[in-house]
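Here are the chains, one letter per residue:
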Amino acid sequence: MDHLTSFIEKIKHFMKVLDDKNIFKFSRITGKVVWNLFLILLVITVAGGFFATGVGAGYFASLVKNEPIRTYNNMKNDIYNYSETSKIYFADGTLLGNLRSDVIRQEVGIKEISPHVIDAVIATEDQYFHEHEGIVPKAIARAIFQEVTGAAVQTGGSTLTQQLVKNQILTREVSFDRKAKEMLLALRLERYFEKEEILEAYLNIVPFGRNASGRNIAGIQAAAQGIFGVEAKDLSLPQAAFIAGLPQSPFGYTPFTNDGKVKENLTAGMTRMKTVLSRMHTGGYITKEEYEKALATDITKEFAKDTPSPFEQYPWLTMEIERRAVNVLKVQLAEKDGKDYSELTPTEKESYAKAADLELRKKGYKIHTTINKKIYDKMQVAKTEVPYANDKYEPTTDEKEMEDVGSILIKNDTGAILSFVGGRDYNRENLNHATQAKRHNGSTMKPLLAYAPAMEQGIIQPGSIIPDTPFTFANTGSSPWKVQNYGGSYHGLVTARKALQWSYNVPAARTYVKMDPLKATENLYEMGFTTIGQNERYNRSLALGSPTYGVTVEETTNAYATFANGGKFVDAYMIEKIDTKEGDTFYKHESKSVDVFSPQTAWLTLDMMRTVFNSGTGASANRFLKFRSDWAGKTGTSQQTKDTWFIATNPNVTLGLWMGYDTPKTMSDSQHGSHTVRGIRVWSALANAAYDIDPKLMDPGGNHKRPGGIVKASFCGISGKLPSPLCKEAGLVETDWFNVKYLPKSEDDSLQQVKYVVNSQGKKFKALGNTPGEFTDDGVMIKEEYFEHVDLEDVIKDDWDNIIGEEELNDNGKAPGAVGIKKSGSSLTWGASGENDVIGYRIYRTPNGSNKYSKVGEVKGGNATSFKISGGNFTYVVRAVDIAGKESANSNAVKVGEDPKPEPPPEEPEDPEKPKDPKPPGDGDGGGGGDKPKPPPTDPPPGDNDGDSGDSNSGNN
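Position numbers for residues start from 1 in each chain and track the written sequence from start to end. Only residues with pLDDT of 70 or above have their local features reported here, since the model is predicted, and side-chain atom pairs are shown and tallied only from 80 upward, although totals for entire chains, interfaces and linings are computed over all residues. The basis for the side-chain values is all heavy atoms of the structure; hydrogens and waters are excluded.

Disulfide: a pair of cysteine sulfur atoms within 2.5 Å of each other. Evaluated as defined, the whole model comprises one disulfide. A disulfide bridge connects cysteine 716 with cysteine 727, and the sulfur atoms are separated by 2.3 Å. Negative torsions about the S-S bond denote left-handed disulfides, and the value of about 105° found for cysteine 716 with cysteine 727 makes this one right-handed. Taken together, the residues cysteine 716 in strand E22 (residues 710–716) and cysteine 727 in helix H27 (residues 725–729) connect sequence positions 11 residues apart. Here's how the labels work: a residue is buried when its accessible area is under 20% of the maximum for its type, exposed when over 50%, partly exposed in between, all with a 1.4 Å probe on protein chains only. According to the relative accessible area criterion, cysteine 716 is buried, its value standing at 0%. Take cysteine 727: its relative accessible area is 0%, and that puts it in the buried class. Helix and strand definitions here come from DSSP, where helices need a minimum of 4 consecutive H or I residues and strands a minimum of 2 consecutive E residues; each element is numbered from the N-terminal end.

Further remarks concern the packing of helix H4 (residues 115–125) against helix H10 (residues 237–244). Here an axis means a line fitted to C-alpha atoms, over the contact stretch when the element is a helix, while the angle between two N-to-C directions is reported on a 0 to 180 degree scale. For the pair H4 and H10, interaxial distance at closest approach is 8 Å and the crossing angle is 40°. It follows from the interaxial angle that H4 and H10 lie oblique. Along this stretch, H4 crosses H10, giving a crossing that reads as right-handed. Of the residues in H10, those in contact with His116, Val117, Ala120, Val121 and Glu125 of H4 are Leu237, Ala240, Ala241 and Ala244. Amino acids outside the nonpolar list (Ala, Val, Leu, Ile, Met, Phe, Trp, Tyr, Cys, Pro) and the charged list (Asp, Glu, Lys, Arg) are all regarded as polar, and Gly is one of them. Looking at the contact of H4 with H10 residue by residue, the class counts come to seven nonpolar, one polar and one charged. Any angle that is under 35 degrees is reported as roughly parallel, and any over 145 degrees as roughly antiparallel; angles of 65 to 115 degrees are reported as roughly perpendicular and all others as oblique. Crossing handedness follows the turn of the near helix against the far one: under a right angle anticlockwise gives a left-handed crossing, and clockwise gives a right-handed one. We call two residues in contact whenever any of their non-hydrogen atoms come within 4.5 Å of each other.

What follows covers the environment of glutamate 302. Here glutamate 302 is to be found in the loop between helix H13 (288–296) and helix H14 (310–313). Relative accessible area serves as the criterion here: at 29%, glutamate 302 is assigned to the partly exposed category. Each C-alpha atom, one on glutamate 302 and one on glutamine 239, is 8.5 Å from the other, the two residues being 63 residues apart in sequence. A distance of 2.7 Å separates a polar atom in the side chain of glutamate 302 from a polar atom in the side chain of glutamine 239. Counting of polar contacts relies on pairs of N or O atoms within 3.5 Å, with two restrictions inside protein: one atom must be capable of donating a hydrogen and the other of accepting it, and residues adjacent in sequence are counted only when both atoms are side-chain atoms.

So, on to the pattern of salt bridges. Should a side-chain nitrogen of Lys or Arg be within 4 Å of a carboxyl oxygen of Asp or Glu, the pair is scored as a salt bridge. By the definition in use, this model includes 36 salt bridges. In this structure, glutamate 107 engages lysine 581 in a salt bridge whose closest nitrogen and oxygen atoms are separated by 3.7 Å. With glutamate 107 in the loop between strand E3 (103–105) and H4 and lysine 581 in the loop between strand E16 (575–579) and strand E17 (585–588), this residue pair connects regions lying 474 residues apart in the sequence. Accessibility expressed as a relative area gives 19% for lysine 581, which makes it buried. A network of salt bridges, in which partner residues are shared, links Glu774, Arg842, Lys855, Glu858, Arg879 and Glu887.

On to the pairing of strand E2 (residues 95–98). Strands are labelled as partners when DSSP assigns at least two bridges between them. As paired elements, strand E1 (residues 87–89) and E2 share three bridges and run antiparallel to each other. Residue pairing across strands places lysine 87 opposite asparagine 98, the latter belonging to E2. As consecutive antiparallel partners, E1 and E2 are separated by five residues, and within that stretch glycine 93 has a phi angle of approximately 90°, a positive value.

It is characteristic of soluble globular proteins that their nonpolar side chains tend to be buried jointly. Among buried residues, the Ala, Val, Leu, Ile, Met, Phe, Trp, Tyr and Cys ones that are joined through side-chain atoms within 4.5 Å form a nonpolar core. Counting 87 residues, the largest nonpolar core has Leu317, Phe420, Leu448, Tyr451 and Leu524 as the members making the most contacts within it. Filtering out sequence-adjacent residues up to four positions away, tyrosine 451 remains in contact with Lys446, Ile460, Ile466, Ala496, Ala499, Leu500, Tyr504, Pro507, Ala508, Thr511 and Met608. Of all hydrophobic cores here, the second largest spans 60 residues; its members include Met75, Val108, Ile205 and Phe256.

Another point: the sheet that holds E3. Reading across the sheet, the three strands line up as E3-E5-E4 and stay open at both edges, with mixed pairing between neighbours. Because the sheet does not close on itself, it has two edges, and the strands there are E3 and strand E4 (207–210). Geometrically, the sheet is characterised by an average inter-axis angle of 30° between neighbouring strands, direction not taken into account. Bridge count between E4 and strand E5 (residues 216–218): two bridges; the pairing is antiparallel. What sits directly across from proline 207, in E5, is alanine 218.

Phi at serine 503 takes a positive value of approximately 60°, unusual for a residue other than glycine. Checked against the element boundaries, serine 503 lands in the loop between helix H19 (496–501) and helix H20 (505–512). Residue glutamine 640 is not a glycine yet carries a positive backbone phi of 60°. For glutamine 640, the position within the fold is in the loop between strand E19 (632–637) and strand E20 (643–649). On the accessibility criterion, glutamine 640 (55% relative accessible area) is exposed.

Right, let's get into the confidence of the model for the chain. Across the chain, pLDDT averages 85, with 84% of residues at or above 70. The predictor rates its confidence in each residue with pLDDT, a number between 0 and 100. Low confidence marks residues 49–66, where pLDDT is under 50. Its contacts with residues over four positions away, or in another chain, come to 11 contacts.

This part is about H4. Among the 11 residues of H4, eight are classified as buried, and the element is accordingly described as predominantly covered. Buried residues of H4: Val117, Ile118, Ala120, Val121, Ile122, Ala123, Thr124 and Glu125, and no others. Residues of H4 that are buried sit in contact with helix H6 (160–168), helix H8 (195–205), helix H9 (220–228), H10 and helix H12 (267–282).

This is the structure we're talking about:
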């Protein structure tokens, strides 16, 4: 009641005041009432605020309750875990370019970024960057209000720190849950990292649209290079402002289309640049003069020009390095996991290959190669400056195919691939013909699989004698292997050197079948051949370069370097090392050698291939090369001339080449020379190109070093054994190099002494038992039993004048026909008898006017056609003699000199078995006129050989 009474009294007093119209008192009382009401409302508001804050805090806590507490290392790994394009370098450190990737990004330090860029980004994206601790509350409140009210203008509330968190740690989903985590992580990130670290990371991850080639770019370095063609540190103010405006809408503001063209309408990007410059000006980062000057700059004139990507400029090289880098990296990743890659399952290998490819696309590796840029570039030009055969149509597709090429240059001692030619036109056929195409390598396989292994096993030496004769080998369990030479001809007994010199197939085949094919092919595996499967080890034609699927140019060329390395194989490689983006070496190649052949075998094989290069099937290289070196090489042609090869090595490098059509077709032998000559011409052009760049590389001087244990020795050209007296007599002694371990130790026993004759065709035959001795000579004949399964007639060579064949000259059973003679100068001449069994001619004479003929000489050889006569007055006749000793009838008589004074003719003894006074066939040429002489007897008296000493045998026997 007291309170009520007091309240009534106050009201009465208030009314009295009103009645008195005391305005000042009224105002004072009113103020107090309002103040009290304000205090009451304030208390209510604060209490409500605390309540709302508590509710909000609880809600925020519920949103981030599952977010783990991240350590410094966790967050460091996350924010720096942005993909960066790996780079490729030539051997001299020159940048080739970037590996292919979806986004081009190159990391750069904050000190390598133009200050204009930093100012522009802060002024545009986060003006309180240096003051806030990760978030700006009022900006967040503004963004929430705009989101709740659906405001037309959305200013956003994310700091650069929050954007970094969103891009590198969290997903890009739009939700309160993600936003809450973003703010929490931004606050934590600011506690762990300096402002410069945050800004550097942001500028390296933010997308900037497209570059002048139309490719997606991210990071300030890629943006500077791709949009203006400068480094990030060299960006001018207007350039920096343009780039700083791009992150808000990278593909809306970018000046380039996806095909690398400048957009027709650049208004959006230019307006955004002006906005950035305005904010820089109002933020105090630039002066008014700088602002106006930047606005007046026409940066469209500063846009970068479209430049070919590394893939466009070096397609074969880029693809090859990517492939090899993945192969290197997948093994390293497996080893990192404690696994041996070779022991993994196919599925596991595929998994590591995919992981390696992903690593290369995003980890920013620096891949250093062995490729010599200048030589590589020069060889790509050289391949276009030589003639090729015409394009051919492929019947199945009706498309034209060009005569293509693949070549590779390898450093012998290290295996480093210095250069290669992948083909003539990548757009027509993107297969790398140097490293990936599998083709039959023809006779280039012979040194690798036939001759070198056989020499290593002591089966042959360069001077070993091998029959180049018809050959068929009966394979166990398969059809016989019939081998023929290119062109179908044979060459008798030849040395291994000559067989390789002219690339005869039969001697190589005969050599190969003497070896265990498993042991011989093991050498191929030791020399790095991976394209030859285990099922091919009994494929005999492999020795002649006819594998089932083919081999690569790299494999074959690499194998040839084994000979230059003294029999040690060093695997070829193209990746020298791989560094991380921080500069640490992740992988480094180490060359290792495998002992395949002895130094002696390697050198002897080289020496045989020297002969090929200098005077054999590869000799045309000397016409095309502009320099000389100690080259040793081998040509190769596959069946039906669908492939042509040429590989040669010198003491420093090995250069190999293949030519042919992608769909195998017979190559022309009439366009710009034979297929072999065309291939050698291209090979020489590539060798010359490399020589122009590095003469000492291509011609190191000196020869292949001959090891100890090599000697030069003589041997018999029939058997390869030590020369016997008969071999020397036959003129068949030859000389060559030998491994001292395999010098011939026994004397030749392949020959025998025989009597021989020469028939009307000039061929030598062993004399018969009844052959007249006057027409025989002593000669040398190969023993029939010496060459098993070989027809001796096939082994006699044309230049073996003193070797008698085993073929017999058969008597035709009748006396030879008479020949016609005449005097020519001081000789009698006649035509050779047309009968095959004629082995020579007897010459008879009688004094003019006499009928008593006596033999004055004989001419050996059925092909002899003349006899030298002396002076005097004589009449001559000639009779042909066959191998059985039968004579022909008299030739016509030829009179020389004058007739004697007439005297009664002497009585002629009668021969009851001969008709009287037989007349010689044909008219005689007396030469002196007068009466014809009486005809000589049909059978001049035997044994009358007292002719003048001036008569001699001038026949060409």
